[in-house]
Amino acid sequence: MIVVTGGAGFIGSAFVAKLNAEGIDDIVIVDELGTSGKWQNLVKRRYADYLHKDAFLRMVEAERVPFPVEAVVHMGACSSTTERDADTLMENNFHYTCRLADWALRRKIRFLYASSAATYGDGAQGFSDDDETSRRLRPINMYGYSKQLFDLKVLREGIAGRVAGIKFFNVFGPNEYHKGDMTSVIFKAFHQIRETGKVRLFKSYRPEYPDGGQMRDFVYVKDCVAVLWWMLNHPEANGIFNLGTGRARTWNDLIRAVFAALNLPPAIDYIEMPEAIRGQYQYFTEAKTEKLRAAGCPSAFRPLEEAVADYVNNHLLNNDPYL
């Protein structure tokens, strides 16, 4: 059985879709559905069972998981980069991961987990995923710090050769609709264009970046789950890895790609950035991908324009934002 935590969420449910496409349905989804619409990400999926995240953790801590587990793909977390409740992030993103990883390692179960490019903070240390750089990182929001703490545990306890951590950069694509304010700018831009004909982007407050010239490593969720599938099938590939395209693009590039996919001329309004996030804003992210390549991962990342066109034309325009 493959356990996918966060299996109803964005990347988790996309990975379940990949498992189904590979003919696998011996899957246990672990999540917390509540009153959200995340359940819709599961409607097309085949899986053996669903467990609430707290119920699964109780099973783990009591050593009473009632089914054999081949692998744990731990995508579950509080993913809001603006979450202010540090205790919530500590419990959900750090302590939960610690308990689950300790259990998996004791039982020699393959363990993949989601870290984040938010661990890189303001980028002053660069974006290399080598272990020495990881030790020096200083995240600038609590979400990034909660992810950094587990990366540091992996390095401190010498278990990097037994687990695989994935630092996701700016992931976008189908199955993200339920994320509210944390949906990708592509998703938001599509709906802004449909409603107003324009897209709003934050102004820049650093002279070296023009408005809309802030840069991110945007990566398509379909390409991400191809990498996760490869990692699942290569237990020798362990350590902490970046998962991005390796090429930063501007927000202006991104928005122009959305307009192009809709066959419309671009129209962008630049607005003030809220004071509360100006000090936590990343102006540049770009994954160093040499470590992933050196591990033997063959996955290619489609160009931004191609990925945006696929998302817009095959999902958003069809009013079917699911894989």
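Above this text sits the structure in question.
Quick notes on the rules
- Residues numbered from 1 in each chain as written.
- Predicted model: local features only at pLDDT ≥ 70, side-chain atom pairs only at ≥ 80, totals over all residues.
- Heavy atoms only, no water.
- Helix = DSSP H or I, 4+ residues; strand = E, 2+ residues; numbered from the N terminus.
- Rg over C-alpha atoms; globule rule 2.2 N^0.38 Å.
- Buried < 20%, exposed > 50% of the residue type's maximum accessible area, 1.4 Å probe, protein only.
- Contact = heavy atoms within 4.5 Å.
- Areas by Shrake-Rupley, 256 points an atom, 1.4 Å probe, with all protein chains shown as cover.
- Lys, Arg positive; Asp, Glu negative; His and termini not counted.
- Charge placed at Lys NZ, Arg CZ, Asp CG, Glu CD.
- Pairing = 2+ DSSP bridges.
- Right-handed = clockwise from strand over helix to strand, strands pointing away.
- Axes fitted to C-alpha atoms, helices over the stretch in contact; angles between N-to-C directions.
- Parallel < 35°, antiparallel > 145°, perpendicular 65-115°, else oblique.
- Left-handed = near helix turned anticlockwise from the far one by under 90°.
- Salt bridge = Lys/Arg side-chain N within 4 Å of Asp/Glu carboxyl O.
- Polar contact = N/O pair within 3.5 Å; in protein donor to acceptor, adjacent residues only side chain to side chain.
- Expected span 1.5 Å × (residues − 1).

> Describe the overall build of the chain, listing the residues and the values that go with them.
Secondary structure summary: the chain contains eleven helices and 13 strands in total. At 19 Å, the chain has a C-alpha radius of gyration in line with the 20 Å of a compact globule built from 323 residues. A total of 323 residues make up the chain; the buried ones form 54% of that total. Across the chain, the fraction of contacts at a sequence separation of at least 24, relative to all contacts at a separation of at least 6, is 77%. Per element, the accessible surface of the chain, about 13900 Å² overall, is 49% carbon and sulfur. For the chain, the separation between the mean place of its 39 positive charges and that of its 40 negative charges on side chains is 1 Å.

> Before we move on, could you go through helix 8 (residues 251-261) and cite the residues and values that matter?
Across the eleven residues of helix 8, eight count as buried, placing the element largely inside the fold. Taken together, the buried positions of helix 8 are occupied by Trp251, Asn252, Leu254, Ile255, Ala257, Val258, Phe259 and Ala261.

> Break down the pairing of strand 1 (residues 2-5) for me, citing the residues and quoting the values.
The side-chain alternation of strand 1 yields two buried faces, one formed by Ile2 and Val4 and the other by Val3 and Thr5. Note that strand 1 and strand 2 (residues 27-31) share four bridges and pair parallel. When the bridges of strand 2 are listed, valine 3 appears paired with valine 28. Crossover strand 1 to strand 2 through helix 1 (residues 10-21) is right-handed. Bridge count for strand 1 against strand 4 (residues 71-74) is four bridges, and the pairing is parallel. Within the sheet, the bridge partner assigned to isoleucine 2 lies in strand 4 and is alanine 71.

> Hey, could you go over the packing of helix 3 (residues 86-106) against helix 5 (residues 142-156) for me, with residue numbers and the actual values?
Relative orientation of the contacting elements helix 3 and helix 5 amounts to 25°, with a least axis distance of 9 Å. Considering their axes alone, helix 3 and helix 5 lie roughly parallel with respect to each other. Viewed along their axes, helix 3 and helix 5 form a crossing whose handedness is right-handed. On the side of helix 3, the interface is formed by Ala86, Leu89, Met90, Asn93, Phe94, Thr97, Cys98, Ala101 and Asp102, while helix 5 contributes Met142, Tyr143, Tyr145, Ser146, Lys147, Leu149, Phe150 and Lys153.

> Describe the pattern of salt bridges, naming the residues involved and giving the relevant values.
This structure, assessed with the given rule, holds 23 salt bridges. A salt bridge links lysine 153 to glutamate 157; the nearest nitrogen and oxygen atoms lie 3.0 Å apart. Here arginine 249 ties to glutamate 305 by a salt bridge, and the two come within 2.5 Å at their closest N and O atoms. Note that arginine 249 is positioned in strand 12 (residues 249-250) and glutamate 305 in helix 11 (residues 304-316), a separation of 56 residues in sequence. Accessibility expressed as a relative area gives 13% for arginine 249, which makes it buried.

> Before we move on, could you go through the pairing of strand 2 and cite the residues and values that matter?
Taking burial as the measure, the five residues of strand 2 include five buried ones, the bulk of the element. By the alternation rule, side chains of strand 2 split into Ile27, Ile29 and Asp31 and Val28 and Val30, which are all buried. Sheet analysis places strand 2 next to strand 3 (residues 49-52), joined by four bridges and oriented parallel. In the strand pairing of strand 3, valine 30 is matched with leucine 51.

> Give me the lowdown on the side chain of arginine 110, citing residues and values where you can.
Take arginine 110: it is sitting in strand 5 (residues 110-116). Buried arginine 110, no salt bridge; nearest opposite-charge side chain is glutamate 236, N-O distance 6.7 Å. A polar contact is formed between the side chain of arginine 110 and the backbone oxygen of methionine 231, at a distance of 2.9 Å. At a separation of 3.2 Å, a polar atom in the side chain of arginine 110 contacts the main-chain carbonyl oxygen of histidine 234. Other than its neighbours up to four places away in sequence, arginine 110 contacts Glu70, Ala71, Val72, Val163, Ala164, Met231, Leu232, His234, Pro235, Ala237 and Asn238.

> So what's going on with helix 5? Which residues, and what values?
For helix 5, spanning 15 residues, the distance from its first C-alpha to its last is 20 Å, which sits close to the expected 21 Å at 1.5 Å a residue. Burial analysis of helix 5 places twelve of its 15 residues in the buried class, which makes it a mostly covered element. Of all the positions in helix 5, only Met142, Tyr143, Gly144, Ser146, Lys147, Gln148, Leu149, Phe150, Asp151, Lys153, Val154 and Leu155 are classed as buried. Elements in contact with the buried residues of helix 5: helix 3, strand 5, helix 4 (131-136), strand 6 (164-168) and strand 11 (239-243).

> Residues and numbers for the side chain of glutamine 148, please.
Note that glutamine 148 resides in helix 5. Among the polar contacts listed, one links the side chain of glutamine 148 to the backbone oxygen of serine 134, at a separation of 2.9 Å. Those residues within four positions of glutamine 148 in sequence are excluded, and the remaining contacts are Thr119, Ser134, Leu137, Pro139 and Lys167.

> Break down the environment of asparagine 318 for me, with residues and values.
By the element assignment, asparagine 318 lies in the segment after helix 11. Overall, the relative accessible area of 49% leaves asparagine 318 in the partly exposed class. With 317 residues separating them in the primary sequence, asparagine 318 and methionine 1 have C-alpha atoms 33 Å apart. Of the polar contacts made by the side chain of asparagine 318, one reaches the backbone oxygen of asparagine 314; its length is 3.3 Å.

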